[in-house]
Amino acid sequence: MYMSSRVIKLVVLSSGTLLLTGVVGLALLFSLLPRQYQWFQRRWNQQAVQHYELEAMWASGMSRGHVLAEVRDNRIVAGVDL
């Protein structure tokens, strides 16, 4: 089966456009991430949070863990092994 040159040009052009759109979207996303981090950090500092809970999970080889820690004034005051 023979495809006409118009169809081939259309496929190549649309593929190129899709690729370019993806690259531009990723570039925009990565340029916004530092600003979003700075915004969250500023908001956290404005709230002056002194007491919170932190849940952490990890895995290393065959071992894994899951804990819940209570943090007050930048010190861990309690922890539960989940």
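Before reading further, recall that the structure is shown in the block above.
Here's what I pulled together on the structure shown here. Just so it is clear, the model here is predicted, and its values are computed rather than measured.

### Observations concerning the sheet that holds strand β1 (residues 51-60)
Strand order in the open sheet formed by three strands is β1-β2-β3, and the pairing between neighbours is antiparallel. Edge positions in the open sheet fall to β1 and β3 (75-81), since each of these has one partner strand only. Recorded for the sheet is a direction-independent mean angle of 25 degrees between the axes of neighbouring strands. Both strand β2 (residues 63-72) and β3 contribute to a ladder of six bridges, which runs antiparallel. Within β3, the position partnered with Glu70 by the bridge is Ala78.

### As for a nonpolar patch on the surface
There is a patch of nonpolar side chains on the surface, built from Leu26, Leu29, Phe30 and Leu33 and spanning about 390 Å² of accessible area. As for its position among the elements, Leu26 is in helix α1 (residues 5-47). Residue classification places Leu26 among the partly exposed positions, given a relative accessible area of 47%.

### Side note on the pattern of salt bridges
A side chain of one charge can pair with a side chain of the opposite charge if their charged atoms are brought near each other. With the rule as written, the count across this model stands at one salt bridge. Two residues, Arg72 and Glu70, come together in a salt bridge whose shortest N-O distance is 3.2 Å. On the accessibility criterion, Glu70 (23% relative accessible area) is partly exposed.

### Observations concerning the pairing of β1
Where β1 and β2 come together, ten bridges link them in antiparallel fashion. In the strand pairing of β2, Ala59 is matched with Arg64. Hairpin connection between β1 and β2: a loop of two residues separates the two successive antiparallel strands, and Gly61 in this loop has a positive phi of roughly 65 degrees.

### Topic: the packing of aromatic side chains
For the coordinates displayed, the defined rule picks out two aromatic pairs. With centroids separated by 4.9 Å and ring planes inclined at 75 degrees, the aromatic side chains of Trp39 and Phe40 adopt a geometry described as edge-to-face. Judged by relative accessible area, Phe40 falls into the partly exposed class, the value being 45%. A centroid spacing of 5.3 Å and a plane angle of 80 degrees characterise the contact between Trp44 and Tyr52, whose relative ring orientation is edge-to-face. The exposure class of Trp44 is partly exposed, given its relative accessible area of 41%. Overall, Tyr52 belongs to the partly exposed group, its relative accessible area being 26%.

Thresholds, definitions, all that
- Residues numbered from 1 in each chain as written.
- Predicted model: local features only at pLDDT ≥ 70, side-chain atom pairs only at ≥ 80, totals over all residues.
- Heavy atoms only, no water.
- Pairing = 2+ DSSP bridges.
- Helix = DSSP H or I, 4+ residues; strand = E, 2+ residues; numbered from the N terminus.
- Axes fitted to C-alpha atoms, helices over the stretch in contact; angles between N-to-C directions.
- Patch = residues over 30% accessible without salt bridge, like charges linked within 9 Å, V, L, I, M, F, W, Y side chains within 5 Å.
- Areas by Shrake-Rupley, 256 points an atom, 1.4 Å probe, with all protein chains shown as cover.
- Salt bridge = Lys/Arg side-chain N within 4 Å of Asp/Glu carboxyl O.
- Buried < 20%, exposed > 50% of the residue type's maximum accessible area, 1.4 Å probe, protein only.
- Phe/Tyr/Trp six-rings, centres within 6.5 Å; stacked < 30°, edge-to-face > 60°.

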